[in-house]
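Reading the structure
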Amino acid sequence: MTHTADPEVASAAPAAAVHERWTGRQLAVVLVIGTAALMVSLTQSLLVPVLSELAVDLKAGGDGVAWLLTSTLLVGAVAVPAFGRLGDLYGTRRMVLVTLAALVVGSLICALAPNLTVMIVGRSVVGLAVAAVPLSISLIGVTLPKEHAPAGIALISAMLGVGGALGLPLAGLIAEYADYHVLFWVCVAGGLLAVPGIVLLVREPVRVAKGRMDLVGTVLLGGAMLSLLLPLAQGDAWGWTDPLTVGLLVAAAVLLLVFVLVELRLASPLVDVRTTIRPSLLLTNLASLCVGFALFATLIGTASYVQAPAATGYGFGQSVLAGGLCMLPGGIAMLLLSPLSARLRPRTALIIGSLIIAAGFGTRMVLTDSLWQVVLGATISGAGTGIAYAAMPGLIIHAAPRSELAAANGLNALFRSVGSSLASAIGGAILAAQTISLAGHELPSLAGYRTLFAICAGAAVVAAALAVFIPRHAATADAALPEE
């Protein structure tokens, strides 16, 4: 059968094609906001390969140096939900600039720090910048036109994984050929490049949120996150049955319960609990926790894996730089595949991405003979992470009211952070419990790594299963979709 084209549709097609083209300004907006998100996400993995060098230079023990990572994690856990709500109330663009200023100032303090205490202070200030990524996702979502917003959001969201994957080889390169202070100067330079671009190119979206900052809720949620994440970060050192560890975990549960009860009674809460427990948001956040778990386990289970001596039966005795470079293909895959996620329905993309992550960890469990097999498994997991991470803000932006968009993205980022912290705690405990003795040293065994990879594959399958039950959404009248 021959079909005749509708003349009105045919005449409208060129106009639609013109309308859908990216303008130079739109591309520049994505570039500067993407650069900001990348620099912030880099800070979360940048120091991992140089911790031993930092311990020697700063004359500190391993526990002290670990606070360079823990301080950023703890401050970020409080800053993300707080800045999300501040963005809704006082301007997302303004809060992005504030968090980038924290990145520059904190990195500058670290670059000039004469001792460990000052550097921990600097890393704590950098923790405020962690909120820049969910804020940037919200800013892109309401700045770009409707037809381009999904691609921009997918790219910015994928930066969470890209920064983590690129941070390790970059740090390894600098550790091998330069001084670790260069790492902090890179962050200073990146922040200084992003700020004027955002000031000049990005307009402040119209604010629709009303009310005032919920200080009581901020303190309660901040206390709950500190009580949860601190024992997860320090549990191996303190002992998981230590009264302090148990007491803080109990305190976290109590504070979270009190936080929910308080938020339900407030007219202008930090987190709208009634909206958050809707299946579309709750299931997305739980899936985010699972994917965040898998991503962090990729980081701790790849670089150290290939650096282990060949005598372990699985390691390859590679350098810090080589260990970091094994993560590079995965980071590139995240970046390249994030646009694919934007072309799919967010729910479908989350299911596909999670299953690809599971396949990657399944590959890691089976293929252990050659270095390329390790890189293959990590790259498959990275590709899945890029697709899954890019899908989550799409689910959030359809389900959250525009007046709560930044807060909703911040809460989603917080779930990812909790997932990463759980991976660090559980992964560390598994690798410490299943060891082999080699030249008087206890090193993780292949069985330990396989156990970790199996748990990660299971977490990814759980994320896919949760995504299946996310309701197929139609945007509500108040959904945070950008206007055409």
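Preceding this paragraph is the structure being described.
Presented here is an overview of the structure given in this document. (Residues numbered from 1 in each chain as written. Predicted model: local features only at pLDDT ≥ 70, side-chain atom pairs only at ≥ 80, totals over all residues. Heavy atoms only, no water.)

1. Considering the side chain of Gln373
Within the secondary structure, Gln373 sits in helix H18 (residues 371-399). For Gln373, a relative accessible area of 10% corresponds to the buried category. Within the structure, Gln373 has its side chain in polar contact with the backbone nitrogen of Ser370 (distance 3.0 Å). Those residues in contact with Gln373 that sit more than four places away from it in its chain are Leu367 and Thr368. (Helix = DSSP H or I, 4+ residues; strand = E, 2+ residues; numbered from the N terminus. Buried < 20%, exposed > 50% of the residue type's maximum accessible area, 1.4 Å probe, protein only. Polar contact = N/O pair within 3.5 Å; in protein donor to acceptor, adjacent residues only side chain to side chain. Contact = heavy atoms within 4.5 Å.)

2. Remarks on helix H10 (residues 215-238)
The largest bend in H10 amounts to roughly 40° and is located at Leu232. One side-chain oxygen of the residue at the start of H10 lies 3.4 Å from the amide nitrogen of Val216, identifying that residue as Asp214. Gly239, located one to two residues past H10, shows a positive phi value of around 100°. (Bend = angle between axes of the 7 residues up to and from the residue.)

3. Comments concerning the packing of helix H2 (residues 24-42) against helix H9 (residues 181-201)
Packing of H2 against H9 leaves a shortest axis separation of 9 Å and a crossing angle of 150°. Taken together, the axis directions place H2 and H9 in an arrangement best described as roughly antiparallel. Here the hand of the crossing between H2 and H9 comes out left-handed. Where H2 approaches H9, its residues Arg25, Ala28, Val29, Val32, Ile33, Thr35, Ala36 and Met39 are matched on the opposing element by Val186, Cys187, Gly190, Gly191, Ala194, Gly197, Ile198, Leu200 and Leu201. For the contact of H2 with H9, the per-class residue count stands at 12 nonpolar, 4 polar and 1 charged. (Axes fitted to C-alpha atoms, helices over the stretch in contact; angles between N-to-C directions. Parallel < 35°, antiparallel > 145°, perpendicular 65-115°, else oblique. Left-handed = near helix turned anticlockwise from the far one by under 90°. Nonpolar A, V, L, I, M, F, W, Y, C, P; charged D, E, K, R; others polar.)

4. So, the packing of aromatic side chains
This model, assessed by the stated rule, comprises 4 aromatic pairs. Ring geometry for Tyr305 against Tyr449: centres 4.9 Å apart, planes inclined by 75°, an arrangement best described as edge-to-face. With Tyr305 in helix H14 (residues 303-307) and Tyr449 in helix H20 (residues 446-468), this pair connects stretches of sequence that are 144 residues apart. In this structure Tyr449 comes out as buried when scored by relative accessible area, which is 3%. Clustering of aromatic rings is evident, with ring pairs tying together Tyr305, Phe361, Tyr449 and Phe453. If you follow Arg364 out to its NZ or CZ, it ends over the ring of Tyr305, 5.0 Å from the centre. Just above the ring of Tyr389 sits the side chain of Arg416; from NZ or CZ to the centre is 4.4 Å. (Phe/Tyr/Trp six-rings, centres within 6.5 Å; stacked < 30°, edge-to-face > 60°. Lys NZ or Arg CZ within 6 Å of the ring centre and 35° of its normal.)

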